[in-house]
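# Survey of secondary and tertiary structure
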Amino acid sequence: QVQFVESGGGLVQPGGSLRLTCAASVRMFRTYPMAWYRQAPGKEREYVAHISSDNYSLNYADSVKGRFTISRDNAKNTVYLQINSLKPEDTAVYYCNTFLSGRPRDTWGQGTQVTVSS
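So, here is what we can say about the structure in this document. Computed from a predicted structure; not experimentally measured. (Residues numbered from 1 in each chain as written. Predicted model: local features only at pLDDT ≥ 70, side-chain atom pairs only at ≥ 80, totals over all residues. Heavy atoms only, no water.)

Okay, the nonpolar core next. Most often, soluble globular proteins have nonpolar side chains that are buried together. With 29 residues, the main nonpolar core has Trp36, Leu81 and Tyr94 as its most contacted residues. Sorting the residues of this core by element identifies β3 (18-25), β4 (34-39), β5 (46-51), β7 (68-73), β8 (78-83), β9 (92-98) and β10 (112-116) as the ones contributing at least two each. Looking at this core, the element that brings in the most residues is β3, giving 4 residues. Excluding anything up to four places from it in sequence, Tyr94 contacts Glu6, Leu20, Trp36, Tyr37, Arg38, Val48, Phe68, Leu81, Gly111, Thr112 and Val114. (Core = buried A, V, L, I, M, F, W, Y, C linked by side-chain atoms within 4.5 Å. Buried < 20%, exposed > 50% of the residue type's maximum accessible area, 1.4 Å probe, protein only. Helix = DSSP H or I, 4+ residues; strand = E, 2+ residues; numbered from the N terminus. Contact = heavy atoms within 4.5 Å.)

The structure is reproduced here in structure tokens:
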């Protein structure tokens, strides 16, 4: 049974940082590229970043490039998202998922809320 458990969100001031964690219960986790997505209030869920199964390829949405860093630990079935220089427009619920063929699974976790406000 596939399961994603995201954590690490919170309320931060503009310019602040957070480290999000995703614990993934996915068989053969180490073989899957993984991604982070986010959904802001009133908007559709959008792609944020993804990482290849072997950690060598990292890709980011233009809106977060240079501020966010995705990483993974295959020994722990975990994906991370370091988010720096936060802006109010980064406010959203953040989710992780697999990224096989550029698409997520239908199963989603509960996400973790990131709120950027002064």
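Bringing the environment of Val26 into the picture now. In this structure, Val26 sits in the loop between β3 and β4. Take Val26: its relative accessible area is 6%, and that puts it in the buried class. As for Val26 and Glu46, which are separated by 20 residues in sequence, their C-alpha atoms are 22 Å apart. Among residues more than four places away in sequence, those in contact with Val26 are Val2, Phe4, Tyr32, Asn77, Thr98 and Arg105.

This part takes up the sheet that holds strand β1 (residues 3-7). Strand order in the open sheet made by the 4 strands is β1-β3-β8-β7, with antiparallel pairing throughout. The strands lining the two open edges of the sheet, one partner per strand, are β1 and β7. Neighbour-to-neighbour, the strand axes of this sheet turn through a mean angle of 15°, independent of strand direction. Sheet topology note: the β3/β8 ladder contains 6 bridges and is antiparallel. Along β8, the bridge assignment pairs Arg19 with Gln82. (Pairing = 2+ DSSP bridges. Axes fitted to C-alpha atoms, helices over the stretch in contact; angles between N-to-C directions.)

For Asn55, which is not glycine, the phi dihedral falls at a positive 75°. Within the secondary structure, Asn55 is located in the loop between β5 and β6 (58-60). Asn55 sits in the partly exposed class, given a relative accessible area of 34%.

Our next topic: the pattern of salt bridges. Summed over all chains, the structure comprises 4 salt bridges. Between Glu46 and Arg38 there is a salt bridge; the shortest N-O distance is 2.7 Å. Taken together, the salt bridges that share partners define one network made up of Arg38, Glu46, Arg67 and Asp90. (Salt bridge = Lys/Arg side-chain N within 4 Å of Asp/Glu carboxyl O.)

What follows deals with the state of the cysteines. On inspection of all chains with the given rule, the structure shows 1 disulfide. Here Cys22 engages in a disulfide with Cys96; their sulfurs sit 1.7 Å apart. Of this pair, Cys22 sits in strand β3 while Cys96 sits in strand β9, and the two are 74 residues apart along the sequence. (Disulfide = S-S within 2.5 Å.)

In this structure the tally under the stated criterion is 4 aromatic pairs. Their ring planes at 80° and their centres at 5.8 Å tell us that Tyr95 and Trp108 sit as a pair that is edge-to-face. Highlighted residues: Tyr95 in strand β9 and Trp108 in the loop between β9 and β10, separated in sequence by 13 residues. Overall, the relative accessible area of 11% leaves Tyr95 in the buried class. The residue whose ring lies beneath Arg19 is Tyr80, and the NZ or CZ to ring-centre distance is 4.0 Å. (Phe/Tyr/Trp six-rings, centres within 6.5 Å; stacked < 30°, edge-to-face > 60°. Lys NZ or Arg CZ within 6 Å of the ring centre and 35° of its normal.)

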